[in-house]
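These are the residues of each chain, in order.
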Amino acid sequence: MTLDSVTKDPQYAALAKGDRVATPLYEDPAIFDVEMEKIFGKAWVWVAHESEVPGKGNFKLSWVGTQPVIVSRDRKGALHVLVNRCRHRAASVCEVKKGKTSSFQCPYHGWGYALDGSLRAIPYAEGYAGEFDKSQLGLRQLRVGTYQGMIFATFDQEAEPLEDFLGNAKPWIDLFMKQGGGFPIKTLGEHQFKVPMNWKIQLENTTDAYHFPVVHKSFLQSLDGETNQTFSFMDDDDGWVEDLGNGHSVMVMMPELIDLDENLDEPIPERFKALAASLEDRYDDAQIRRIVRAVGGCGFNLNLFPNAGCSLSFFRILRPVSVAETEIRHIALGMDGGPAEANQMRLRLHEHFQGPMGFGSPDDAEVWERVQRGSAGGVDMDVMVHRGLGLEEDSPNGLPKGDISAETGMRAAYAKWQEMMA
Amino acid sequence: MKDLPDTEITLDQAVKFLWEEADILDRQDYDAWIGLWDEAGLYVIPVDPDTEDFADHLNLVYDDHQMRRARAQRLQGGFSISAAPPAKTVRTLSRFVVTASEPGSLTLRSAMHVVEDKFGRQRLFAANVEHRLIATPEGLRIGQKVVRLLNSDGVLTSISYLF
Ligand code: FES
Ligand SMILES: [Fe+2]
C-alpha cells in the first residue's frame, strides 16, 4: 500500500463522529500512517523550549511526528528545525541529545552542514561530474515559529502563521508563562516514558478532569488536607473546560489560579510558608508573594493540538512512535534567575506527581494502556466522548464551554483531527 | 549526625543486608522496607546519571522519611490502579564494590538487574546502586540509597514498585 492510495480514501475523516470516534483510530496502522502525513506532516508541532537552545551554536534533538529533527540556533541567534538526515545517503548527522557545536558533520562520508542546515563541505568533490551544487543539498528545513518561548515547526510551507494557528490559545499561553513569578521560564529537566498506547489516548487526557478523582486517588491521599482541597475541583462547581478552536482546549481546575498576578494579597498557603520565610532576606513582600504563588503553577491545563500540553507547572509533550506506542515527556519548568529554593520546591512538586515513578503518572499510564488493550475488543463499537454534550454554553469565543468534567476538549481535538484527515 | 557505634561493618554483613532488602522489595513488603531505613536517610533515583547535587536537579524519586512513607502507603494501600495488582519483580544484586569505609558506616556500589512481569510482558531494568549503610544499636540501617538507572535520562516506562 502506498501513502497515495491511503490518503485519497475519504473514509478516514468520517471515523470521527463528533460525540464519538471509531475504535480503529487507536488500532489501525494505516490510519497512523495517514496521521503522520496529514496531521504531523502539516500542523505546527511543538519541538522545544527556547531555554533548551539558549545560545548561539546550541542544539537539541527532537521529533516532528516520527521524523527526527535537530533544533539549532545559528551564529546569528536564529532558530532552525532541520530533518536529522544527511542528504547524501540518509545517515543521521547528530546523535548527541543536546549540546553546542559549530557544525554537523555526517559520520558516513563526511558531508558537513552549518547550524542553519546548509551544506558547507563535501570531501573529494572531484568525484562528481561538473560543478557540485551545494545549495540544493542542505538539510531539509522546516518552517519555525515561536510563541512565548515555545518553539514550533511545520513541514507545511503554506501553513497559516503560528499565531493564527494558536488563536484563542494565546491568551492562555500568556497566563501560563506567569508562573515564572517575574523571571523568565526555563526548563529544569524532564521525565520521559513510553506507554503502549495510541497517541490520541494521551492527547485526550490533558483536559480530562473526569478521571482525576478516580485514577489519582492514591495521589490525593498523599496530600495534606489543605492541598487536597486545592485538587477537589470535581466537587466544586466553578471550574470549566472550553473548546478554543483549531483542536486546542483549556480545562480550568482552579479559577482562582488563572492569573498568578492577581489576588496576591491572599493568605499564603501553609505548605508555602517556609519557602516564603526563607525569601524574606532577599525580596520584598510583593515579590515574595508573586514567587510563592508561581511555585504551585497555574490552575489550568491547556491542550495544544496535536502534541503539547501546558499543564499546571510543566509541559507535557507527546510523540507518536507507532499506532500503539507513544512517548511522553514531562518537562519541569522553573524561574531563570529565581531563588534556588523556589526552583527546588517546583522540582519536588513535579517529582511527587509526574514521571515514571511519580504518584500520578504510573496510574495514568496504566489506564491509558488499559484503553489500548480494551480497544482490541469490539472494534465495531465506538469510543464515547459525549459527556457534557447538550449541557454546554457558548464561550466568549463563541465555542463550546462545558462543566469541568465535560469531554469538550476531546471533541475539540477530534474535530480538528477530522478536518485535517479529510 | 548522631553518634554511631564504632563497629566495623564487614562486606559479608553488608551484602547479606542488601540481599535481605532485595527480597523484601520483591515481596513488596514496604512496611518492612521502611524499617530498614535510618529516618534521616535519603532515597534518590536521579535523572541525570552524573549528578551528585540531587536537590537542584530533577529526579525520578527524591524521598525523605515522609515521602518514603507516603510512597509505601501508595504502593500497598490498594488505591493505586498501577499497583493493584502490582507488577511482579525479581531482582539480583551483585558486583559489590566498597567505595568508602569508616567506623560505623560502609558505602558500597552494586549492580542490580530487575525483571518486571505484568500484562503478560516482561521488562528489564539495570542499575548501579549505591548504599550507605550505618551501624546502629538495632542493627544496620540505610543512611542513603542512590539508584542510577541505565538510561535514567532516556525514555523509560512507568514503574510501580521500588528499585
Ligand atoms: S551518508 Fe552522509 S555523507 Fe554519506
Ligand atoms: Fe491523570
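Model, not experiment: these values are computed from the prediction.

The rules behind each value
- All chains use their own residue numbering, which begins from 1 and follows the written sequence.
- As a convention, the first chain written is A and the first ligand written is 1, with the rest following in written order.
- Residues qualify for local features only when their pLDDT is at least 70, as the model is predicted, and side-chain atom pairs are given and counted only at 80 or more; totals for whole chains, interfaces and linings, by contrast, use all residues.
- Heavy atoms from the whole structure form the basis of all side-chain values; hydrogens and water molecules are not counted.
- Elements are defined by DSSP. Helices are runs of H or I of four residues or more, strands are runs of E of two residues or more, and each kind is numbered from the N terminus.
- All radius of gyration figures rest on C-alpha atoms, and the globule criterion is 2.2 Å times the number of residues raised to 0.38.
- Categorising residues by exposure relies on relative accessible area from a 1.4 Å probe, with only protein chains included: less than 20% of the type maximum marks a residue as buried, more than 50% marks it as exposed, and the intermediate range marks it as partly exposed.
- Whether two residues are in contact is decided by their heavy atoms: any pair within 4.5 Å suffices.
- Residues scored as charged are limited to Lys and Arg (positive) and Asp and Glu (negative), so that His and the chain ends carry no count.
- Just so you know, the charge point we use is NZ for Lys, CZ for Arg, CG for Asp and CD for Glu.
- Reported accessibility uses the Shrake-Rupley method at a 1.4 Å probe radius. Residues are deemed covered only where the shown protein chains occlude them.
- By convention in these notes, a salt bridge is any Lys or Arg side-chain nitrogen within 4 Å of a carboxyl oxygen on Asp or Glu.
- Two N or O atoms form a polar contact when they lie within 3.5 Å of each other; inside protein one atom must be a possible hydrogen donor and the other a possible acceptor, and for residues adjacent in sequence the pair counts only when both atoms belong to side chains.
- Only Asp, Glu, Lys and Arg are considered charged in this grouping, and only Ala, Val, Leu, Ile, Met, Phe, Trp, Tyr, Cys and Pro are considered nonpolar; every other residue, Gly among them, is considered polar.
- Two rings belonging to Phe, Tyr or Trp (six-membered ring only in the last case) form a pair when the distance between their centres is within 6.5 Å. Interplanar angles under 30 degrees mark stacking, angles over 60 mark edge-to-face geometry, and anything in between is tilted.
- Domain boundaries shown here were taken from an automatic or database domain assignment.
- Summed over both partners, the accessible surface that disappears when two parts come together, traced with a 1.4 Å probe, is what is meant by buried area.
- Should DSSP find at least two bridges between two strands, the strands are taken to pair.
- A fitted line through C-alpha atoms serves as each axis, taken over the contacting stretch for helices, and the angle formed by two N-to-C directions is quoted from 0 to 180°.
- For the purposes of this section, nonpolar cores are sets of buried Ala, Val, Leu, Ile, Met, Phe, Trp, Tyr and Cys residues that join through side-chain atoms within 4.5 Å.
- Given the number of residues in a helix, its expected span is that number minus one, multiplied by 1.5 Å.

A.B. asks: What should I look at first to understand the overall build of chain B in this one?
C.D. replies: A count of helical and extended segments in chain B gives 3 helices and 6 strands. In summary, chain B has a C-alpha radius of gyration of 16 Å against a globular reference of 15 Å for 163 residues, a match within 12%. Overall, chain B is about 50 × 30 × 30 Å in size when its C-alpha atoms are taken along their principal axes. Counting across all 163 residues of chain B, residues that qualify as buried make up 51%. When contacts within chain B are restricted to residue pairs at least 6 apart in sequence, those whose partners lie at least 24 apart make up 58%. With 18 positive and 25 negative side-chain charges, chain B shows a separation of 7 Å between the mean positions of the two kinds.

A.B. asks: Got a minute to help me understand the overall build of chain A in this structure?
C.D. replies: Of regular secondary structure, chain A possesses 14 helices and 21 strands. The C-alpha radius of gyration of chain A comes to 23 Å, within 12% of the 22 Å expected for a compact globule of 422 residues. For chain A, buried positions account for 57% of its 422 residues. Taking as baseline every contact in chain A between residues at least 6 positions apart, the subset at least 24 positions apart corresponds to 67%. Working note: accessible area of chain A is about 17100 Å², and carbon and sulfur atoms make up 50% of it. Separation of charge centres in chain A, based on 43 positive and 61 negative side chains, amounts to 8 Å.

A.B. asks: Where do I start with the interface of chain B and chain A in this structure?
C.D. replies: Quoted interface sizes are often the accessible area lost when the parts come together. If you look at the interface, chain B gives 34 residues, while chain A gives 33 residues. There are 4 salt bridges connecting chain B and chain A. The residue B:Lys118 makes a salt bridge to A:Glu366 at a minimum N-O spacing of 3.0 Å. Run the count over chain B and chain A and you get 20 residue pairs in polar contact (both at pLDDT 80 or more). Looking at the side of chain B that touches chain A, the elements with two or more residues in it are strand S2 (59-63), helix H3 (65-76) and strand S5 (121-136) of chain B. Residue composition of the side of chain B that touches chain A, grouped by class: 19 nonpolar, 8 polar and 7 charged.

A.B. asks: In this structure, what is going on with the packing of aromatic side chains? I would like to understand it.
C.D. replies: Note on aromatic pairs: each is described by the distance of the centres and the angle between the planes. Considering all chains together, one arrives at 20 aromatic pairs over all chains under this definition. With a centroid separation of 4.6 Å and 85° between ring planes, the pair formed by A:Phe219 and A:Phe353 is classed as edge-to-face. Of this pair, A:Phe219 sits in helix H8 (residues 217-221) while A:Phe353 sits in helix H12 (residues 340-353); the two residues are 134 residues apart in sequence, bridging distant segments of the chain. Residues A:Phe219 and A:Phe353 agree in their burial class; the two are buried. When the ring of B:Tyr161 is compared with that of B:Phe163, the centres are 5.6 Å apart and the planes differ by 75°; the resulting orientation is edge-to-face. Comparing B:Tyr161 with B:Phe163 shows no difference in burial state: the two are buried.

A.B. asks: Please explain the domain arrangement of chain A as it appears in this structure.
C.D. replies: Residues and elements named next belong to chain A. Taken domain by domain, chain A consists of domain 1 (45-154) and domain 2 (167-421). When each unit is reduced to the centre of its C-alpha atoms, the spacing between domain 1 and domain 2 is 32 Å. At the junction of the two partners, domain 1 supplies 15 residues and domain 2 supplies 20 residues. Carbon and sulfur atoms make up 63% of the surface buried where domain 1 meets domain 2, a total of about 1400 Å² over both sides. Run the count over domain 1 and domain 2 and you get 2 salt bridges. The residue Glu190 makes a salt bridge to Lys60 at a minimum N-O spacing of 3.8 Å. Run the count over domain 1 and domain 2 and you get 5 residue pairs in polar contact (both at pLDDT 80 or more). Broken down by secondary-structure element, the contributors of at least two residues to the side of domain 1 that touches domain 2 are strand S2 (45-49), strand S3 (58-64) and strand S11 (150-154). For the side of domain 1 that touches domain 2, the element with the most residues is S2, which contributes 4 residues.

A.B. asks: Would you take a moment to explain the sheet that holds strand S3 (residues 88-102) of chain B for this structure?
C.D. replies: Whether parallel or antiparallel, the strands of a sheet pair through hydrogen bonds between backbone atoms. All names here are of chain B. One open sheet accounts for 6 strands, arranged S2-S1-S6-S5-S4-S3; its pairing is mixed. Across the chains shown, the open sheet's two edge strands, defined by having one partner strand only, are S2 and S3. Adjacent strand axes in the sheet meet at a mean angle of 20°, parallel and antiparallel pairs treated alike. Both strand S1 (residues 37-46) and S2 contribute to a ladder of 4 bridges, which runs antiparallel. From the neighbouring strand, Tyr43 faces S2, where its bridge partner is Asp63. Its contacts with the sheet place H3 against S1 and S2, and it is angled at close to 75° to S1.

A.B. asks: Is there a simple way to think about the pairing of S3(A) in this case?
C.D. replies: Taken residue by residue, a regular strand's side chains alternate between the two faces of the sheet. Residue and element names in this part refer to chain A. With 6 of 7 residues buried, S3 lies mostly within the body of the structure. Inspection of the sheet shows S3 paired to strand S6 (residues 98-100) by 3 bridges, in the antiparallel sense. Residue pairing in the sheet places Lys60 in a bridge with Lys98 of S6. In the sheet, S3 pairs with strand S4 (residues 67-73) via 6 bridges, with the strands oriented antiparallel. Across the sheet, Trp63 pairs through a bridge with Pro68, a residue of S4.

A.B. asks: I'm lost on the nonpolar core in this one. Help?
C.D. replies: Grouped burial of nonpolar side chains is what soluble globular proteins tend to show. All names here are of chain A. By size, the foremost hydrophobic cluster in this structure holds 51 residues, and its most contacted members are Met150, Trp172, Phe231, Phe300, Leu302, Leu304 and Phe315. Among the elements that make up this core, the one with the highest residue count is helix H5 (residues 170-176) (4 residues). The residue makeup of this core includes at least three contributed by each of domain 1 (45-154) and domain 2 (167-421). Sequence-distant contacts of Phe315, that is, excluding residues within four places in its chain, are made with Trp46, His49, Met150, Phe176, Met177, Gly309, Cys310, Arg329, His330, Ile331 and Leu333.

A.B. asks: I'm lost on H12(A) in this one. Help?
C.D. replies: Given 3.6 residues per helical turn, the α-helix brings residues three or four places apart onto the same face. All names here are of chain A. A rise of 1.5 Å per residue sets the reference length of H12, with its 14 residues, at 20 Å; its end C-alpha atoms lie 21 Å apart and thus fit the reference within 8%. Residues of H12 that are buried: Ala342, Asn343, Arg346, Leu347, His350, Glu351, His352 and Phe353. Looking one or two residues beyond H12, the residue adopting positive phi is Gly355, at roughly 90°.

A.B. asks: What am I meant to see in the environment of A:Ser135 here?
C.D. replies: Residue and element names in this part refer to chain A. Among the structural elements, Ser135 can be located in the loop between strand S9 (119-121) and strand S10 (141-147). Along the chain, Ser135 and Gly112 lie 23 residues apart, while their C-alpha atoms are 13 Å from each other. Polar contacts involving the side chain of Ser135 include one to the side chain of Asp133, which spans 2.6 Å. For Ser135, the side chain forms a polar contact with the side chain of Gln136, separated by 3.3 Å.

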